[in-house]
Amino acid sequence: MPATDQQLTEPAMGPAEALSELFTPAGKHNPYPLYDALWELGPVIPLGPSGTLVLGYDEICAALRDPRFLVTDAAVHRTTGMIDHSSWQCFTKIMMFSNSPDHERMRRFAAWAYSPRQITERRRLAARAAERWTTHLATLDADGGPIDLVETFATRVPISVTGDLLGVPEADRLELRTAITATTTAFEPVFDPDELLPADAGMDVLVDYLDDLVRERRRRPGDDLVSAMVRDRDADGALSEEELVASLVMFLIAGVQSPSDLIGNTVRLALNHPSEGRGMTADDDLVPAFVTETLRFDPPNHVLTRSAETDIDFHGHRVAAGSRALLVLAAANRDPRQFADPARFDVTRKDNRPLSFGLGPHYCLGAAFARMQVEMAVPVLLSRFPHLSLAAPPTYRDQLVTRGFARMEVMLGTT
Ligand code: HEM
């Protein structure tokens, strides 16, 4: 799997070295050559008694569909002590980190909020946010200097859309945005419990905020998602009060962080591939194919974790009960058995089915909502600023599980 768009300058390395490099800042910055090196060990790589790394497409599909591979729920996090942290206290109350039967109960409760009808109604909000923030960019460009597109656009569109949906006042949104990004650091492998402190601090902000919002909407219901969820919860008691707040926290985090990272990645690839990317307009048939190929080539979430419920014979390897399986979605998206010439960014791929939204019972509920925002925002940006260019190589946050740009300096090209 040679890398093209994302070449490391260092020479190729062996698999053992690649593994120890993966969760270092350099590895997170550009993991693709490391996935290439690891691929030489095969699609399933035993890491000793505590874990297994899975890189292959079919193998990850099998694990995601296999009920013996559990998500890391409260029981798992109790054994590691992570449950004592406010970040994991909240995360283990949401469907993403719950197993059967709680998972089904929570997914059933929230499903309507992700229905096609809801997505259609949200298109108007996404169009308004895309217009608003491109117009705002134009006002910032008065001196023609570089502008950080993460700060001024990629994060702003999703926080506007999700903020409008939840009824979060404009004045509160920027503080929440910082807290949201901080919470996602909890998904990284933790070598020292203190590494969870920023995520805990971010989570405290979000839980306090949504707890207050729930109380307020219970007193004075409005025409927003929080009011609707409070009404449903109070009518049937399907969720506890803490689970309700946690699901809203999750809606806010998922609604903002990964869509924002996907906007950044899509813009960057559009600039790298101008013949396909530059001409994108909102009603163009190319846009969904471009976003799908971005999701394959450079997804916002690289790794999912599962915990083996029992000993599992898995593609010729034994996965021990209680051990972790790290499913590297971003590597599976470049599995040469599934994608021809996988290191090539190719918007004309047929049957392009990356694993970036997961698969099986935990398949992303927000996939259509996320895609809709990105497919709306990126073409509006590119058609308003046809000479947009990178002013410097983008820098990444120090994260691999939820990976995205920390900064993306661009020139708008209007002067
Ligand atoms: C580009 C954007 C997004 C990406 C790449 C993404 C990716 C994922 C992935 C990989 C999973 C599976 C987790 C697992 O199996 O352990 C997932 C689950 C989930 N996502 Fe997303 N997501 C995105 C946007 C969103 C949005 C906008 C929302 C809602 C506002 C959302 C809500 C959820 C929920 C509720 C789940 C849990 C489903 C379950 O456990 O049954 N996601 N997402």
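Since the structure is predicted, the reported quantities are computational estimates derived from the model, not experimental observations. (Residues numbered from 1 in each chain as written. Predicted model: local features only at pLDDT ≥ 70, side-chain atom pairs only at ≥ 80, totals over all residues. Heavy atoms only, no water.)

> What exactly am I supposed to notice about the site of the ligand here?
Residues in close proximity to the ligand total 26 residues, the closest being His103, Arg107, Arg306, His362 and Cys364. Here an oxygen atom of the ligand and a side-chain polar atom of histidine 103 are 2.6 Å apart. In this structure, an oxygen atom belonging to the ligand sits 2.7 Å away from a side-chain N or O atom of arginine 306. When residues in the shell around the ligand are grouped by element, the largest group, 6 residues, is from helix H14 (residues 241–272). Of the residues belonging to the shell around the ligand, the class tally is 16 nonpolar, 8 polar and 2 charged. (Near = heavy atom within 4 Å. Polar contact = N/O pair within 3.5 Å; in protein donor to acceptor, adjacent residues only side chain to side chain. Helix = DSSP H or I, 4+ residues; strand = E, 2+ residues; numbered from the N terminus. Nonpolar A, V, L, I, M, F, W, Y, C, P; charged D, E, K, R; others polar.)

> Just to check I follow, could you spell out the nonpolar core for this structure?
Generally speaking, soluble globular proteins have nonpolar side chains that are buried together. Phe91, Phe153, Ile263, Val267 and Leu388 are the most contacted members of the largest nonpolar core, which totals 108 residues. A total of 16 residues in this core trace back to one element, the largest contributor, which is H14. If we ignore the near neighbours within four places in the chain, the residues touching phenylalanine 153 are Ala130, Trp133, Thr134, Leu137, Pro158, Ile263, Ala377 and Leu381. (Core = buried A, V, L, I, M, F, W, Y, C linked by side-chain atoms within 4.5 Å. Buried < 20%, exposed > 50% of the residue type's maximum accessible area, 1.4 Å probe, protein only. Contact = heavy atoms within 4.5 Å.)

> How should I be thinking about the packing of aromatic side chains in this particular structure?
Taken as a whole, this structure holds 15 aromatic pairs when the rule is applied. Here the aromatic rings of phenylalanine 91 and phenylalanine 187 are separated by 4.7 Å at their centres, their planes lie at 40°, and the arrangement is tilted. With a gap of 96 residues between them, phenylalanine 91 in helix H6 (residues 86–91) and phenylalanine 187 in the loop between helix H11 (173–183) and helix H12 (197–219) connect regions that are remote in the sequence. Pair check on accessibility: phenylalanine 91 and phenylalanine 187 agree, each one buried. Ring centres 6.4 Å apart and planes at 65° place the aromatic pair phenylalanine 357 and tyrosine 363 in the edge-to-face group. We classify tyrosine 363 as partly exposed; its relative accessible area is 34%. A connected cluster of aromatic rings, assembled from ring pairs, spans Trp88, Phe91, Phe97 and Phe187. Across from the ring centre of phenylalanine 369, 4.8 Å away, lies the NZ or CZ of arginine 122, which sits over that ring. Lying over the aromatic face of phenylalanine 339, arginine 296 brings its terminal NZ or CZ to 5.3 Å of the ring centre. (Phe/Tyr/Trp six-rings, centres within 6.5 Å; stacked < 30°, edge-to-face > 60°. Lys NZ or Arg CZ within 6 Å of the ring centre and 35° of its normal.)

> Please explain the pairing of strand E2 (residues 51–54) as it appears in this structure.
Side-chain positions along a regular strand alternate between the two faces of the sheet. Residues Gly51 and Leu53 point to one face of E2 and Thr52 and Val54 to the other, with burial holding for every one of them. Pairing analysis gives 3 bridges linking strand E1 (residues 44–46) to E2, with the strands arranged antiparallel. Opposite isoleucine 45, over in E2, you have leucine 53 as the bridge partner. In textbook terms, the turn of a hairpin is the stretch between consecutive antiparallel strands, and for E1 and E2 this stretch comprises 4 residues, one of which, glycine 48, has a positive phi near 100°. (Pairing = 2+ DSSP bridges.)

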